[in-house]
Amino acid sequence: MFNHCLHLLIIAFIFVSLLFPPPRRMQRLKLRVPRVGPLWKAVLVFLAVAVAGQLLGIFFSRSMQAARPQPSLSFTSANSPELSLGSCQPQTHVMFLKTHKTASSTVLNMLYRFGEERGLRFALPLGYQFGYPLPFNAHRVKGYQGPHVMEYNIMGNHMRFNKVEVEKVMPADTFYFSILRDPVALAESSYAYYKVVAPAFKRAKGLADFASNPQRYYDPRLRNNHYARNLLWFDFGLDHNANFSERLVKKGEALVHRAFNLILLSEYFDESMVLLRHALCWPLDSVVSFSLNARKQDANKRKSDKGSGLTEGLRQKLREWNALDWHLYVAFNVTFWEKVRRFGKARMAMEVAKLRTRREFLARICLRDGGRPVEASRIRDKAIRPFQSGPVKILGYELQPGLDNATYQACLRMIRPEIQYKDLLDAHQFPRQIAIARGNPLRLNPQGRAEHKRTTVGQGVTYGMSLEPSRNTSLEEGKGPLR
């Protein structure tokens, strides 16, 4: 600013000295002023006016920019044409079978966000899971008073599926869906996550050692060994220790087909979200997500074959060991791509591109560090640190500082860890019970909903819930490891 003013003063002095002759006093002092001809005088005047105009324009432009309020970062309205699906009505009765180690925590976050934003009622467990690994029973839903006494909109926490009992809770028009993952990749993730609780994994020297001879380490009678064999089959409520046969596989496949409207694939997550969005008639932002509950990969394993160090022979042995899961995965891989074909491959490519563009846009708005997940210990706001279970490090996110309140709330929903989110929804639906049970830690608004508090940490602004998540790590019934 000072430099601009100085330049203007110099130009003004030159301009005046050229247009007006030197006063007689200066002539008496015999100060020599150079004489400039009429032509050069005109050129200099033109240059002075041009430079002054440019500087004034810059000055004026910068002043206007400083005075003009900067637009706040916010999410586009979910009802805008580019994000909604037109005239169809969003499905609000949804049941998600949250299978283990399949990106299901990310999907559950979408359901939590959708329901919270619309004030829907969740079928929540008494703890954090519906009695897992026991088969689901309707009485494990908090506040359940009998078949269809109360309308529930969304169910999605971990359970061992039991359709008869689920139907006592959820309405008849409920949309059922779940997600599968390649059993070899699933075995690698399960080993890393559950090796301290599954006896079969605990006894092996490593995943390669287990894969080379699973029967040596596996005892079906031991608790938590279901994590080590046909985990998908188990989560769907089927007998994961049954002897493999084509007849058995076809029967299990048919049961899943009849029970579920849509089966997604973890390896094709974005395509899965497009199919899910159109099946539910949800706006785009409802299926845009950041990967949650991901674990930190070991640097040495990342360099090895497909992240696990397994030879193709050992991978084949894992497919044989998890043959029920493998055939289920293959069968629904076929049905998945048949749905994509009916949807239209070109249309799918456009929808996936739109989804990814939107995710990148929201990541730039919401997340620090370019959107890269970070270790929990690096997250300054303790209220959004993901819960750590076992030896693996679960990653989370930090929000950008300085977000306006509406944007902050939308971004926070996208990164809030599963346990904290469940506690928050619990507090919304059962505020007085939570307040009494925890010595009234919540401030309730006039509508009886739990309020949030805003705190400052260090130099940046972070936010937290007034309700601290429970840290129950017990492996007793219904309280086992999440995901």
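Refer to the preceding data block for the structure.
Criteria and thresholds
Residues numbered from 1 in each chain as written. Predicted model: local features only at pLDDT ≥ 70, side-chain atom pairs only at ≥ 80, totals over all residues. Heavy atoms only, no water. Helix = DSSP H or I, 4+ residues; strand = E, 2+ residues; numbered from the N terminus. Buried < 20%, exposed > 50% of the residue type's maximum accessible area, 1.4 Å probe, protein only. Phe/Tyr/Trp six-rings, centres within 6.5 Å; stacked < 30°, edge-to-face > 60°. Disulfide = S-S within 2.5 Å.

Here we look at the environment of valine 197
No. 1: Along the chain, valine 197 turns up in the loop between α6 (183–194) and α7 (199–203).
No. 2: Since its relative accessible area comes to 15%, valine 197 is described here as buried.
No. 3: Along the chain, valine 197 and asparagine 224 lie 27 residues apart, while their C-alpha atoms are 6.5 Å from each other.

With respect to the packing of aromatic side chains
No. 1: In the structure shown here, the tally under the stated rule is 23 aromatic pairs.
No. 2: Ring geometry for tyrosine 112 against phenylalanine 122: centres 5.6 Å apart, planes inclined by 75°, an arrangement best described as edge-to-face. Note that tyrosine 112 is positioned in helix α4 (residues 104–118) and phenylalanine 122 in strand β2 (residues 122–123), a separation of ten residues in sequence.
No. 3: Taking the relative accessible area as the measure of exposure, tyrosine 112 reaches 2% and is therefore buried.
No. 4: Taking 5.1 Å as the distance between ring centres and 75° as the angle between the ring planes, the aromatic pair formed by tyrosine 191 and phenylalanine 201 counts as edge-to-face. On the criterion of sequence distance, the pair formed by tyrosine 191 in helix α6 and phenylalanine 201 in helix α7 is long-range, its members being ten residues apart. With respect to class, tyrosine 191 is no different from phenylalanine 201; both count as buried.

Considerations on the state of the cysteines
No. 1: Here the structure, examined in full by the defined rule, presents two disulfides.
No. 2: Residue cysteine 366 pairs covalently with cysteine 411 via a disulfide, S to S 2.0 Å. Of note, the bridge from cysteine 366 to cysteine 411 carries an S-S torsion of about -70° and is left-handed in sense. Of the two residues, cysteine 366 is situated in helix α16 (residues 345–366) and cysteine 411 in helix α17 (residues 405–415); the sequence distance between them amounts to 45 residues. Each member of the pair, cysteine 366 as well as cysteine 411, carries the same accessibility label: buried.
No. 3: Here the bonded cysteines of the protein chain are numbered in sequence order, and their pairing is 1-2, 3-4.

Geometric values such as these leave the question of function open.
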